[in-house]
Amino acid sequence: LEIARRQLDSYAFVGRVERFEASVQRLMDTLGWPVFDWMTEHAGDRVNVSEGRVRRDELSPGVLDRILELTILDRALHEGALRRFDSGPAPVSRTDRSPFSAEPTDAVDLDFAGPVPGFGWQMPESHPVTGTGFRWIGPLPEATLFLPLRRERDLHVRLTVQKAITPEVLAGLRLRVGALEVDLRADREGEPPLVLAGRLPASTPGDSADPLRFSAESTTSPAALGRAPDRRQLGVAFSRLELRPVP
C-alpha cells in the first residue's frame, strides 16, 4: 500500500471519476491545455455509460461484506487519492507540456495513423484491405488538433476522409479555426474515401495558436446501427491532413 501511495504522489495529476468534469478542468489547468467548447456546452451530459451495471443496493449483505473484505487496500488507496484531490492541485512541473510549444509552420502533412497533437480522437486503426491508417472522431462529436500555424498567407486545406458512420454525419462535418469556419468541399460525390478541400484565410500572428476544431453532427456506434458489435461512439474518420500556402 505504501509503495502504491508513493507512486500516486509522483503523478502530476490524479482525477476522480465521481467528479469527472472537475477532474478534466484540473487536468487542462495542470498541462496548460484549453477545454473543449463541446465539453463546456454539454456539461453534465453522460456518454459511454456502462449498461446493466449492478448497483450496490442490489448486492446481498454477504456478497457486499466479502467485497469490502477483499478490497480493503484498494479502498485505502482510493480514499487517499480523494483527499489529495480535495486538497487542491499538486505543484505543476516547470516542463512545458503545452501543444503550442512547437514553432509555427505554414506546411503540415499529418498522418492520422501516428500520434496526433490533440484531443477527441479514437485510437488509430488500419483499413483491412488497403492498410491505410486512420482515426475516428469520438466518443464526443468534437475533436481538436493543436497545430501552431504561420498564417501570413491563405492556407489550402486538404482533408482525406476514410470513413463516416453515416452519410448524414459526414454532411454535418465542420472545421473551425478560432472564429473562422473553413468551407470544406468534397472532390467528388459518393461514399468515402474522399478528399475535402477548403481555404483557411490569412490572419494575425496572434492567431497561430488557435486549434483546429472538427465537429460532427453527432456520434453513434456500429452496434446501435445494427452493423457490428462495436459499441464505440464514432463520427468521421480521417487518414490525412495537408496544409499548404496558397500560391
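Visitor: Mind laying out the confidence of the model for the protein, listing which residues take part and the relevant values?
Guide: Chain-level pLDDT for the protein is 85 on average; 85% of the residues reach the 70-or-more range. Long-range and interchain partners of residues 91-101, a stretch whose pLDDT sits below 50, account for 16 contacts in this model, where long-range means more than four residues apart.

Visitor: Describe the packing of helix H4 (residues 61-70) against helix H5 (residues 72-86), and please don't skip the residues or the numbers.
Guide: A pair of packed helices is characterised by two quantities: the angle between their axes and the separation of those axes. Look at H4 against H5: their axes get within 4 Å of each other, and the N-to-C directions meet at 70°. Considering their axes alone, H4 and H5 lie roughly perpendicular with respect to each other. Note on element contacts: H5 touches H4 through Ile72, Asp74 and Arg75, opposite Leu68, Glu69 and Leu70. A class-by-class count of the residues in the contact of H4 with H5 yields three nonpolar, no polar and three charged.

Visitor: I'd like to hear about the packing of aromatic side chains, residue by residue, with values.
Guide: All chains considered together, the criterion is met by seven aromatic pairs. An angle of 55° between the planes, with centres 5.3 Å apart, marks the rings of Phe214 and Phe238 as tilted. Pair noted here: Phe214 is in strand E11 (residues 212-215) and Phe238 is in strand E12 (residues 236-245), with a separation of 24 residues, a long-range link. In this structure, Phe214 and Phe238 share a single accessibility class: buried. Grouping aromatic residues by their ring pairs yields a cluster made of Phe112, Trp121, Phe214 and Phe238. Stacked on the ring of Phe85, the Lys or Arg Arg26 has its end atom at 4.2 Å from the ring centre.

About the cut-offs
Residues numbered from 1 in each chain as written. Predicted model: local features only at pLDDT ≥ 70, side-chain atom pairs only at ≥ 80, totals over all residues. Heavy atoms only, no water. pLDDT = per-residue confidence, 0-100. Contact = heavy atoms within 4.5 Å. Axes fitted to C-alpha atoms, helices over the stretch in contact; angles between N-to-C directions. Helix = DSSP H or I, 4+ residues; strand = E, 2+ residues; numbered from the N terminus. Parallel < 35°, antiparallel > 145°, perpendicular 65-115°, else oblique. Nonpolar A, V, L, I, M, F, W, Y, C, P; charged D, E, K, R; others polar. Phe/Tyr/Trp six-rings, centres within 6.5 Å; stacked < 30°, edge-to-face > 60°. Buried < 20%, exposed > 50% of the residue type's maximum accessible area, 1.4 Å probe, protein only. Lys NZ or Arg CZ within 6 Å of the ring centre and 35° of its normal.

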